[in-house]
Amino acid sequence: MALDGIEIADYDPDWPRLFQAESEALAPVLNALPLVGLEHIGSTAVPGLAAKPIIDILAIVEDLEYARTNLPEPMAGIDYVFWADNPTQDRLFFVKGMPPHGERRTHHVHVCQPGPLVDRHILFRDYLRAHPTEAAAYAVLKRRLAAEHTADREGYTAAKNAFVERVVALAERWCTLRAKP
């Protein structure tokens, strides 16, 4: 596999524990911010779903600009690399283990303010948790796309977009229906 290539692994029941352990390791750094919450997101947060074996953590902060100024240095102190050139300015993105800083990616930390981006991540995760057939279809798609985009993370992510958009739309309707008395 290419350096930092895309690998899809069968679900590992240890992933929730790895999220919890990393949350505890992140606490001294993240608790210095006005932190609203911490969520396990992405495919490793969906029981039974095949995934890239990278734990995605969503840190929800009150003030993204405060985090942008104050978070990169302490995160570097616990082995996270900050993607300073991220063209998407509505979030911060940190990676642990990314070559050449490690053997392979182990954790991603996405830092966002409350709002549509946070809602979208949580909706997608919760819908897949509640709908195993959709999760299974997503696993099939991810395995196929990983084979097609072995070393192209952006291409892999872009190719999943139509599926993700469809599931988010389903999830929004699902939440609306569940909220009705």
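Fair warning: this is a prediction, and the values are worked out from it, not measured in the lab.

Another aspect to go through is the overall build of the protein. Along the protein, the regular secondary structure elements total six helices and five strands. Counted from the first residue to the last, the protein has its helices and strands arranged as α-β-β-α-α-β-β-β-α-α-α. Against the compact-globule benchmark of 16 Å for 181 residues, the protein has a radius of gyration of 16 Å, which places it among compact chains. Taking the principal axes of the C-alpha coordinates as reference, the protein spans close to 50 × 40 × 30 Å. The buried share among the 181 residues of the protein stands at 45%. If you take every contact in the protein between residues at least 6 apart in sequence, the share linking residues at least 24 apart comes to 65%. Accessible surface, the protein: about 9500 Å² in total, of which carbon and sulfur atoms supply 55%. When the 19 positive and 25 negative side-chain charges of the protein are each reduced to one mean point, those points stand 7 Å apart.

The next point concerns empty space enclosed by the protein. The full count for this structure, using the stated rule, is one cavity of 30 Å³ or more. There is about 30 Å³ of room inside the largest cavity. If you trace the largest cavity, you find it lined by R68, F82, W83, A84, N86, Q89, R91, L92 and F93.

Now for helix α6 (residues 153-179). Helix length check: α6, at 27 residues, gives a terminal C-alpha distance of 36 Å against a target of 39 Å (1.5 Å per residue), a fit within 8%. In the structure, α6 departs most strongly from a straight axis at N161, where the bend amounts to approximately 40°. What α6 keeps buried is the set R153, G155, Y156, K160, F163, V164, V167, V168, A171 and W174. Buried residues along α6 sit in contact with α4 (116-130) and α5 (132-148).

On to the environment of L18. Here L18 shows up in helix α1 (residues 15-30). Given a relative accessible area of 30%, L18 falls into the partly exposed group. In this structure L18 touches I55 and H107, once residues within four positions along its chain are discounted.

On to the sheet that holds strand β2 (residues 55-61), then. Pairing is mixed across the open sheet formed by five strands, whose spatial order is β1-β2-β5-β4-β3. Looking along the sheet, the strands with just one partner apiece sit at the ends: β1 (35-41) and β3 (80-82). Each neighbouring strand pair of the sheet contributes to a mean axis angle of 20°, computed without reference to strand direction. Sheet topology places β1 next to β2; six bridges connect them, and they run antiparallel. From the neighbouring strand, H40 faces β2, where its bridge partner is I57. Packed on one face of the sheet, α1 meets β1, β2, β3, β4 (92-96) and β5 (107-112) and runs near 155° to β1. Docked against the sheet, α4 engages β1, β2 and β5, running at close to 35° with respect to β1.

This part is about the layout of surface pockets. To find leftover empty space, a probe the size of one water molecule is rolled over the atoms. Empty space within the largest pocket amounts to approximately 1200 Å³. In terms of lining, the largest pocket is formed by 37 residues, of which the most central are R91, H110, H121, T157 and K160. Examining the composition of the lining of the largest pocket, we find that nine residues originate from one element, α6, more than from any other. Residues that form the lining of the largest pocket fall into these classes: 17 nonpolar, 10 polar and 10 charged.

The rules behind the values
- Chains are numbered independently. Their residues run from 1 in the order of the written sequence.
- In keeping with the predicted nature of the model, local features appear solely for residues at pLDDT of at least 70, side-chain atom pairs appear and are counted solely at 80 or more, and the whole-chain, interface and lining totals rest on all residues.
- Hydrogen atoms and water are omitted, and side-chain values are computed over all heavy atoms in the structure.
- Helical segments are the DSSP runs of H or I of at least four residues, strand segments are the runs of E of at least two, and each set is numbered from the N terminus.
- Restricting the calculation to C-alpha atoms gives the radius of gyration, and the globule rule supplies 2.2 Å times the number of residues raised to the power 0.38.
- Each residue gets one of three labels from its accessible area relative to the maximum for its type: buried under 20%, exposed over 50%, partly exposed in between, using a 1.4 Å probe on protein chains only.
- Should any heavy atoms of two residues lie within 4.5 Å, those residues are counted as being in contact.
- Each accessible area is a Shrake-Rupley result for a 1.4 Å probe, and residues are judged covered by the shown protein chains and nothing else.
- For the charge count, each Lys or Arg is scored as positive and each Asp or Glu as negative, with His and the chain ends excluded.
- Throughout, a charge is located at the NZ atom of Lys, the CZ atom of Arg, the CG atom of Asp or the CD atom of Glu.
- Using protein atoms alone on a 1 Å grid, points that fit a 1.4 Å probe yet trap it form a cavity, whereas open point sets bounded by protein on both sides within 12 Å along at least five of seven lines form a pocket; residues with an atom within 4 Å of a point count as lining.
- Grid points are joined across faces, edges and corners, and a volume is the space filled by probe spheres set on the points.
- The span one expects for a helix is its residue count, reduced by one, times 1.5 Å.
- Consider a residue and the seven residues that end there alongside the seven that start there; fitting an axis to each set, the bend is the angle between those axes.
- Pairing between strands is defined by DSSP: at least two bridges between the two strands are required.
- Axes here refer to lines fitted to C-alpha atoms; in helices the fit is confined to the stretch in contact. Angles between the N-to-C directions go from 0 to 180 degrees.
- Put simply, Ala, Val, Leu, Ile, Met, Phe, Trp, Tyr, Cys and Pro go in the nonpolar bin, Asp, Glu, Lys and Arg in the charged bin, and everything else, Gly too, in the polar bin.

By themselves, these observations are geometric and do not establish any function.
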